[in-house]
Amino acid sequence: MAVKQLSVFLENKSGKLIDAVKTLADNKINIRAMSIADTKDFGILRLIVSDAEKAKTALSDQVLCAVTDVIAVEMKDEAGALCGILDVLNKANINIEYMYAFTASTANGAYVVLRVDDNSVAESVLKKNGIATLNNDELQKM
């Protein structure tokens, strides 16, 4: 089951990031994971939050944002764990557009967030290989 990711398009200027993060805090939205990719003028802040739709609504009057389905894969805290996940996806010819990782106080390891071209195929392949994914309900319990 995919999780909801919020992508926020920010102007690459001082204060824009704190404004977005403060809006989330003011709306009692918890950030679980984040990644920033930037260019000279703009950046994409990718977030896994406690409520992606609420976050989108809260931010929509100040920035452009979108909610996307991504996969959060459970990963053991040991050497080679990520390699094993990537190998399974590679053998199934699943392309990864981008990824980032996060930990949670309830986890024995970490989670890697993957944006792929077909979530359902990727999740099926992962499941067949005994690799667990996180869903939105489980995310809420963290």
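First, a word on what this report is: a plain description of the structure on this page.

Reading guide: rules and limits
- Residues numbered from 1 in each chain as written.
- Predicted model: local features only at pLDDT ≥ 70, side-chain atom pairs only at ≥ 80, totals over all residues.
- Heavy atoms only, no water.
- Phe/Tyr/Trp six-rings, centres within 6.5 Å; stacked < 30°, edge-to-face > 60°.
- Lys NZ or Arg CZ within 6 Å of the ring centre and 35° of its normal.
- Salt bridge = Lys/Arg side-chain N within 4 Å of Asp/Glu carboxyl O.
- Helix = DSSP H or I, 4+ residues; strand = E, 2+ residues; numbered from the N terminus.
- Buried < 20%, exposed > 50% of the residue type's maximum accessible area, 1.4 Å probe, protein only.
- Pairing = 2+ DSSP bridges.
- Core = buried A, V, L, I, M, F, W, Y, C linked by side-chain atoms within 4.5 Å.
- Contact = heavy atoms within 4.5 Å.
- Axes fitted to C-alpha atoms, helices over the stretch in contact; angles between N-to-C directions.
- Parallel < 35°, antiparallel > 145°, perpendicular 65-115°, else oblique.
- Left-handed = near helix turned anticlockwise from the far one by under 90°.

A few words on the packing of aromatic side chains. To describe a pair of aromatic rings, you give the distance between the ring centres and the angle between the ring planes. Applying the stated criterion to the full structure yields one aromatic pair. Over the ring of Y98 we find R46, and its NZ or CZ is 3.6 Å from the ring centre.

Per the stated rule, a full pass over the model turns up five salt bridges. Between K22 and D26 there is a salt bridge, with its nearest N and O atoms 3.1 Å apart. A residue pair is termed a helical-turn pair when its members lie 3 or 4 positions apart in one helix, as K22 and D26 do in helix α1 (residues 16–26) at four residues. Of the residues examined, K22 reaches a relative accessible area of 49% and is grouped as partly exposed. Among the salt bridges present, the one from K91 reaches D87, with a minimum N-O distance of 3.1 Å. With K91 and D87 both in helix α3 (residues 81–91) and four residues apart, the pair spans about one turn of that helix.

The next point concerns the pairing of strand β6 (residues 110–116). Most of β6 sits inside the fold, with six of its seven residues counted as buried. Where strand β5 (residues 96–102) meets β6, six bridges bridge the pair, whose relative direction is antiparallel. The partner of I96 across the bridge, within β6, is V116.

Let us now look at the nonpolar core. Counting residues in each nonpolar core, the largest one holds 16 residues, and the members touching the most others are V73, I85, L89 and L126. Broken down by secondary-structure element, the contributors of at least two residues to this core are β4 (64–75), α3, β6 and α4 (119–128). Those residues in contact with L126 that sit more than four places away from it in its chain are I71, V73, I85, V88, L89, I131 and T133. Of all hydrophobic cores here, the second largest spans 15 residues; its members include L6, V8, V49 and A58.

Relative to each other, α1 and helix α2 (residues 52–59) sit at 125°, their axes nearing to 10 Å. Relative to α2, α1 is oriented oblique. Along this stretch, α1 crosses α2, giving a crossing that reads as right-handed. For the pair α1 and α2, contact is made by A20, T23 and L24 and by A55, A58 and L59, respectively.

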